[in-house]
Amino acid sequence: MREKKIVVWFRNDLRLHDQEALCRAAAKTARVIPVYCFDPRQFGKTFLGFPKTGPFRTQFLLESVAALRASFRSIGADLVVRVGKPEEVLPNLVEMTGASAVYASQEVAEEETKVENNLEARLWAKKIPLERFWTSTLFHIDDIPYPIKNIPDVFTEFRKESEKSTRVRPTLPAPSALALETDIHPGALPTLSELGITEMPAPDPRAVMTFQGGESEGLRRLRTYFWEEDRLGVYKETRNGLVGAGYSTKFSPWLSYGCLSPRKVYEEVKRYEQERVANDSTYWVVFELLWRDYFRFIARKYGNAIFRPEGIRNDQRLVYSNDVRLFQKWVDGETGVPFVDANMQELKHTGFMSNRGRQNVASFLVKDLKVNWTYGATYFESQLLDYDVCSNWCNWNYVAGVGNDPRENRYFDPVSQAKRYDPQGEYVKRWLPELAEVPPSRVHQVGDLSGEEQSRYGVVLGADYPHPVVKYGHSPART
Ligand SMILES: Cc1cc2nc3c(=O)[nH]c(=O)nc-3n(C[C@H](O)[C@H](O)[C@H](O)COP(=O)(O)OP(=O)(O)OC[C@H]3O[C@@H](n4cnc5c(N)ncnc54)[C@H](O)[C@@H]3O)c2cc1C
């Protein structure tokens, strides 16, 4: 009898370690056919005109897929790569190879689940099952103490209850050998320009670090941060930093594309706690990963409400405009508020921004510019290296005050935040070199400089650096 074949469809799970779909398929047969589809719908333009997947993330994705292919080749198989809609590509491959099932990781948001459902329907017509596995979170969806519809709307409640009763499942081993499928052409990876990216920004020497896609690079970052540089034990004290690689883990791009499994991170935290130190900092990385889990569960609970200006609270009171001119000033880092502009410049030139920065620029867009926050979230989707549909849109809901923040009208004052987190102005001067001569005590409020100070510090408002585009630092954006 011919050995059965199983197609494993890779999505945001670009790894061999702790890959349940792959592991389950490999347990049934050595004749696994791994496939990745570059879905053209992910590489079009957003309604605001910029690419849905911008240059940084496209590059990172291409590197991650290339690395996955190399990993499969090293165990005797190959990754089949196609450009096309998964719901069309995969049924064809099933037909060509005579595969008996398709295995894949399950996603939660609309675009992703639509593809899954369409694929399932087409496979069903051929009597081929699509088996889905939950692979993206630390706590497995089946292990948390709630059905999704009852997930609490306050994170602390979710975390405390889940921590009491949920154990993190152990990671699954990577398969060590698979058979090569010779009936099908593996296919070449598309180029950046085939994915709509005609211009790749030059690497910026001011970037926090170089992010290279792929599983081994993700695992390398884990080793470097936890073990070689020994930073895990002080994470909680440094995590609000702004400059350099060391202040936080920088795992996010690898977690978002699934090059790194959160359970792998967890196991390494536990090992570090055994071998080095267990303290608030070691716990805090797990705490942050639980935020990530939480937003995934919340996105599943609320569906498309996460994408609407009224958010998951269906809050109609938010006051906002669709002022594209103000929005563009924000995108270009030209609002005249140095802390906001510096962060937006970093994002524009590198595809990364710290968590502190993200909270501040998002709050500024919503509460000071009073611009539709979904524009900001759409820009982040395009630009962030670590874009993750649930983390992005649910964090935006939170900052906009239409999500899971139990405190109404939380406001990030960009000046006091800047003074607290960038007291010497090192960060803003890095990204706004025109402010180099302004002393730390004045650099976060350049808009207030007198004419005499402007000439003394070599920065003329309106010429070298913009006047603030709005009066900021006050009224909540609600009726
Ligand atoms: C408006 C806004 C948009 C955001 N968009 C994204 C996004 O698209 N993708 C994304 O991965 N994160 C997003 N975040 C969360 C957070 O800013 C990043 O995860 C973090 O800055 C990544 O850097 P790090 O890996 O060094 O984080 P660390 O501080 O080292 O945290 C470790 C890991 O925990 C997770 N994590 C930490 N904070 C959060 C959080 N608030 N929400 C969810 N997960 C978290 C991430 O996976 C992160 O890699 C957003 C935050 C805000 C305020």
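This text goes with the structure placed above it.
Rules and cut-offs
Residues numbered from 1 in each chain as written. Predicted model: local features only at pLDDT ≥ 70, side-chain atom pairs only at ≥ 80, totals over all residues. Heavy atoms only, no water. Helix = DSSP H or I, 4+ residues; strand = E, 2+ residues; numbered from the N terminus. Expected span 1.5 Å × (residues − 1). Buried < 20%, exposed > 50% of the residue type's maximum accessible area, 1.4 Å probe, protein only. Contact = heavy atoms within 4.5 Å. Axes fitted to C-alpha atoms, helices over the stretch in contact; angles between N-to-C directions. Parallel < 35°, antiparallel > 145°, perpendicular 65-115°, else oblique. Nonpolar A, V, L, I, M, F, W, Y, C, P; charged D, E, K, R; others polar. Near = heavy atom within 4 Å. Polar contact = N/O pair within 3.5 Å; in protein donor to acceptor, adjacent residues only side chain to side chain. Areas by Shrake-Rupley, 256 points an atom, 1.4 Å probe, with all protein chains shown as cover. Left-handed = near helix turned anticlockwise from the far one by under 90°. Phe/Tyr/Trp six-rings, centres within 6.5 Å; stacked < 30°, edge-to-face > 60°. Lys NZ or Arg CZ within 6 Å of the ring centre and 35° of its normal.

Visitor: Where do I start with helix α3 (residues 86-97) in this structure?
Guide: Over its 12 residues, α3 extends 16 Å from the first C-alpha to the last, a length consistent with the 16 Å expected when each residue adds 1.5 Å. Here α3 has its buried residues at Pro86, Glu87, Val89, Leu90, Pro91, Leu93, Val94 and Thr97. Here the buried face of α3 lies against β1 (6-10), β2 (32-38), β3 (80-83), β4 (101-105) and α4 (110-125). Two residues or fewer after α3 comes Gly98, characterised by a positive phi angle close to 70°.

Visitor: I'm lost on the packing of helix α13 (residues 355-368) against helix α16 (residues 414-421) in this one. Help?
Guide: When two helices pack together, their arrangement is given by the angle between their axes and by how far apart the axes lie. Where α13 contacts α16, the axes come no closer than 11 Å and their chain directions differ by 170°. Relative to α16, the element α13 is oriented roughly antiparallel. Contacts between α13 and α16 involve Arg356, Asn360, Phe364 and Asp368 from the first element and Pro414, Gln417 and Tyr421 from the second. Taken together, the residues that form the contact of α13 with α16 break down as 3 nonpolar, 2 polar and 2 charged.

Visitor: Explanation requested: the site of the ligand in the structure shown.
Guide: Taken together, 26 residues sit near the ligand, with Tyr235, Ser248, Thr249, Lys250 and Asn355 positioned nearest. In this structure, Ser248 approaches the ligand through a side-chain N or O atom, which is 2.5 Å from an oxygen atom. Within the backbone of Phe251, one N or O atom sits 3.1 Å away from an oxygen atom of the ligand. When the ligand sits alone it has 810 Å² of accessible area, and the protein chains cover 97% of it. Counting only elements with at least two residues in the shell around the ligand, the list comes to α8 (252-256), α10 (280-302), α13 and α15 (389-400). Taken together, the residues of the shell around the ligand break down into 11 nonpolar, 9 polar and 6 charged.

Visitor: Got a minute to help me understand helix α6 (residues 215-228) in this structure?
Guide: Residues spaced three or four apart along an α-helix point in a common direction, a consequence of the helix completing one turn every 3.6 residues. Here α6 contains 14 residues, and its C-alpha end-to-end distance of 18 Å stays within 8% of the 20 Å for a straight helix at 1.5 Å per residue. Those residues of α6 lying buried are Glu215, Gly218, Arg221, Leu222, Thr224, Tyr225, Phe226 and Trp227. The inward-facing, buried residues of α6 abut α2 (55-74), α7 (235-238), α8 and α9 (262-275). Directly beyond the C-terminal end of α6, a positive phi value near 55° is found at Asp230.

Visitor: Explain the packing of α13 against α15 here, please?
Guide: The interhelical angle for the contact between α13 and α15, taken along N-to-C directions, is 55°, at an axis separation of 9 Å. Viewed along their axes, α13 and α15 adopt a mutual orientation that is oblique. Between α13 and α15 the crossing geometry is right-handed. Of the residues in α15, those in contact with Gln359, Ala362, Ser363, Leu365, Val366 and Lys367 of α13 are Trp396, Val399 and Ala400.

Visitor: Is there a simple way to explain the environment of Pro253 in this structure?
Guide: Looking at the secondary structure, you find Pro253 in helix α8. With 200 residues separating them along the chain, Pro253 and Glu453 place their C-alpha atoms 42 Å apart. Apart from the residues lying within four places of it in its own chain, the contact partners of Pro253 are Phe60, Phe211, Leu385 and Asp386.

Visitor: Sorry if this is basic, but what is going on with the packing of aromatic side chains here?
Guide: Remark: the centre distance and the inter-plane angle together describe each pair of aromatic rings, the angle taken between the planes. Scanning the model with the defined rule gives 40 aromatic pairs in all. The interplanar angle of 40° and the centroid separation of 6.5 Å between the aromatic rings of Phe50 and Phe327 together place this pair among those described as tilted. One end of the pair, Phe50, is in the loop between β2 and α2; the other, Phe327, is in helix α11 (residues 324-331), and 277 residues separate them in sequence. In this structure, Phe50 and Phe327 share a single accessibility class: buried. One residue, Arg358, lies across the ring of Phe352, its end atom 5.3 Å from the ring centre.

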